[in-house]
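Residues per chain, in single letters:
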Amino acid sequence: MTGKELLYSGKAKDLYATENDEVIVAVYKDQATALNGLKKEQVLGKGQLNNQISSLIFEKLNRAGIATHFLEKLSDTEQLNKKVAIIPLEVVLRNYTAGSFSKRFGVAEGLKLVEPIVEFYYKKDELDDPFINDEHVAFLDIASTEELTYIKAETRKINQLLIEWFAAIGLTLIDFKLEFGKDQDGKIILADEFSPDNCRLWDAEGHHMDKDVFRRGLGNMTDVYQIVWEKLQELD
Ligand code: UDP
């Protein structure tokens, strides 16, 4: 990517303008962060793996009828996305207890929830992305009641698809985080990425096949992401 205007530089991706005002290029970076950026490392090959994984998942979501920003994978580290205005919500869905949920409620990790639980976090780095509920979403004017209902329903639909795809390659989808945006017609579509950076995947032996490897210092991140990528390619 050369010569194009840098629109946004995030922790894991940079976004560039294209000659088409409705389309951007996302460039995945070899950078891993945790604890809201406090822990930061260069991890060679991570950008490519996440771009490959996220492109594959978004392509499958598009084919399954989910409206997403994904247009096409351009190269090892770049993809073409519809330009959206990101809704400042981190939408977390949990199938099993883990991470901050286990800490907050004092429960062990790995307990299956009777019904998947959707949570919202206000996407604001300065505030460390606080945990919020539907009424806070209204107070902060982040989304209308109808929009929030749609976001929740889409998240649950996406979860059903993802659970199945990961189960088919021997992985349990513990939880994940999504972000939605509004396209230029005001339609809410799935944006950001889906990779082991923003979900938890456990294999049959309970090994962490996701960013917890980095957060918890359990091993080599790219080795684990590579396995997920190889398994995902077995799907059609
Ligand atoms: N997550 C994320 N970005 C964040 C926080 C969480 O992608 O800023 C993902 C995380 O990878 C996990 C899910 O959201 O799949 C739930 O994370 P949790 O609230 O348990 O927080 P953590 O324990 O990761 O701090």
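Residues numbered from 1 in each chain as written. Predicted model: local features only at pLDDT ≥ 70, side-chain atom pairs only at ≥ 80, totals over all residues. Heavy atoms only, no water.

The chain carries the name Phosphoribosylaminoimidazole-succinocarboxamide synthase in an unreviewed UniProt entry, which gives Streptococcus himalayensis as its organism. The UniProt entry for the chain carries the following comment under Catalytic activity (unreviewed entry): "5-amino-1-(5-phospho-D-ribosyl)imidazole-4-carboxylate + L-aspartate + ATP = (2S)-2-[5-amino-1-(5-phospho-beta-D-ribosyl)imidazole-4-carboxamido]succinate + ADP + phosphate + 2 H(+)". On record in UniProt, under Pathway (unreviewed entry), the comment for the chain is "Purine metabolism; IMP biosynthesis via de novo pathway; 5-amino-1-(5-phospho-D-ribosyl)imidazole-4-carboxamide from 5-amino-1-(5-phospho-D-ribosyl)imidazole-4-carboxylate: step 1/2." (UniProt positions renumbered as here; feature names shortened; annotations may be inferred.)

Asker: Got a minute to help me understand the site of the ligand in this structure?
Answerer: Around the ligand, 15 residues are found, and the nearest of them are Arg94, Ser100, Asp175, Arg200 and Arg215. For the ligand, an oxygen atom lies 2.6 Å from a polar atom in the side chain of Asp175. Between Arg200 and the ligand, the recorded distance is 2.9 Å, taken from a side-chain N or O atom to an oxygen atom. A total of 510 Å² of accessible area belongs to the ligand in isolation, and the protein chains cover 76% of it. Elements with a minimum of two residues in the shell around the ligand: strand 9 (89-96), helix 2 (99-105), strand 12 (172-182) and strand 14 (199-202). Per-class residue counts for the shell around the ligand are five nonpolar, three polar and seven charged. (Near = heavy atom within 4 Å. Polar contact = N/O pair within 3.5 Å; in protein donor to acceptor, adjacent residues only side chain to side chain. Areas by Shrake-Rupley, 256 points an atom, 1.4 Å probe, with all protein chains shown as cover. Helix = DSSP H or I, 4+ residues; strand = E, 2+ residues; numbered from the N terminus. Nonpolar A, V, L, I, M, F, W, Y, C, P; charged D, E, K, R; others polar.)

Asker: Sorry, what's going on with the side chain of Asn50 here?
Answerer: Structurally, the position occupied by Asn50 is in helix 1 (residues 46-63). On the accessibility criterion, Asn50 (1% relative accessible area) is buried. Filtering out sequence-adjacent residues up to four positions away, Asn50 remains in contact with Tyr28, Glu193, Ser195, Pro196, Asp197 and Tyr225. (Buried < 20%, exposed > 50% of the residue type's maximum accessible area, 1.4 Å probe, protein only. Contact = heavy atoms within 4.5 Å.)

Asker: What is the right way to look at the packing of helix 1 against helix 4 (residues 145-168) in this model?
Answerer: When two helices pack together, their arrangement is given by the angle between their axes and by how far apart the axes lie. Where helix 1 meets helix 4, the axes come as close as 11 Å, and the angle between the chain directions of the two elements is 125°. Overall, the two elements helix 1 and helix 4 adopt an arrangement that is oblique. In the packing of helix 1 onto helix 4, the handedness of the crossing is right-handed. Listed contacts from helix 4 to Ile57, Lys60 and Leu61 of helix 1 are Ile158, Leu161, Leu162, Trp165 and Phe166. Residue classes in the contact of helix 1 with helix 4 are distributed as seven nonpolar, no polar and one charged. (Axes fitted to C-alpha atoms, helices over the stretch in contact; angles between N-to-C directions. Parallel < 35°, antiparallel > 145°, perpendicular 65-115°, else oblique. Left-handed = near helix turned anticlockwise from the far one by under 90°.)

Asker: Would you take a moment to explain the pairing of strand 6 (residues 70-73) for this structure?
Answerer: When a strand is regular, its side chains alternate between the sheet's two faces. As judged from the three bridges shared by strand 6 and strand 7 (residues 78-82), these two strands associate in the antiparallel manner. Residue pairing in the sheet places Phe70 in a bridge with Asn81 of strand 7. Count of turn residues in the strand 6/strand 7 antiparallel hairpin: four residues. (Pairing = 2+ DSSP bridges.)

Asker: What exactly am I supposed to notice about the pattern of salt bridges here?
Answerer: Between side chains of opposite charge, a pair can form when the charged atoms approach closely. Counted under the stated rule, the structure contains 21 salt bridges. Note that Asp175 and Arg94 form a salt bridge whose closest N and O atoms lie 3.5 Å from each other. Here the residue Asp175 occupies a position in strand 12, and Arg94 occupies one in strand 9, the gap between them amounting to 81 residues. Look at Asp175 and you get buried, because its relative accessible area is 5%. For Arg94, a relative accessible area of 3% gives the class buried. (Salt bridge = Lys/Arg side-chain N within 4 Å of Asp/Glu carboxyl O.)

Asker: What is the right way to read the environment of Gly186 from this model?
Answerer: Tracing the sequence through the fold places Gly186 in the loop between strand 12 and strand 13 (188-191). Sequence-wise, Gly186 and Val228 are 42 residues apart; in three dimensions their C-alpha atoms are separated by 34 Å.

Asker: Is there a simple way to think about the nonpolar core in this case?
Answerer: One broad trend across soluble globular proteins is that nonpolar side chains are buried collectively. Among the nonpolar cores identified, the biggest contains 49 residues, and Leu89, Leu162, Phe166, Phe180, Phe194 and Leu232 are the most heavily contacted of them. With sequence-adjacent residues up to four places away left out, Phe166 is seen in contact with Ile57, Leu171, Leu173, Phe194, Leu201 and Leu232. Tyr16, Val23, Val25 and Leu80 belong to the second-largest nonpolar core, a separate cluster that totals five residues. (Core = buried A, V, L, I, M, F, W, Y, C linked by side-chain atoms within 4.5 Å.)

Asker: Help me out: how do you make sense of the sheet that holds strand 2 (residues 13-17) in this one?
Answerer: Remark on secondary structure: sheet strands pair via backbone hydrogen bonds, oriented parallel or antiparallel. The antiparallel open sheet is built from five strands, whose spatial order is 1-2-3-7-6. Because the sheet does not close on itself, it has two edges, and the strands there are strand 1 (6-9) and strand 6. Between one strand and the next, the sheet's axes are offset by a mean angle of 25°, whatever the strand orientation. Taken strand by strand, helix 1 contacts strand 3 (23-28), strand 6 and strand 7, and its axis lies near 130° from that of strand 6.

Asker: When you look at the packing of aromatic side chains in this model, what are you seeing that I'm missing?
Answerer: Aromatic ring pairs: the centre-centre distance and the angle between the two ring planes describe each pair. All chains considered together, the criterion is met by five aromatic pairs. Note on Tyr121 and Phe131: the rings are 5.3 Å apart at their centroids and 40° apart in plane angle, and the pair reads as tilted. With Tyr121 in strand 10 (residues 112-122) and Phe131 in strand 11 (residues 131-132), this pair connects stretches of sequence that are 10 residues apart. Among the residues examined, Phe131 registers a relative accessible area of 38% and is labelled partly exposed. Between the aromatic rings of Phe166 and Phe194, the centroid separation amounts to 6.1 Å while the plane-to-plane angle is 35°, which identifies the pairing as tilted. You can see Phe166 sitting in helix 4 and its partner Phe194 sitting in the loop between strand 13 and strand 14, a full 28 residues away along the chain. Given the relative accessible area of 2%, Phe166 is considered buried. Judged by relative accessible area, Phe194 falls into the buried class, the value being 2%. Taken together, the ring pairs connect Phe166, Phe176 and Phe194 into an aromatic cluster. (Phe/Tyr/Trp six-rings, centres within 6.5 Å; stacked < 30°, edge-to-face > 60°.)

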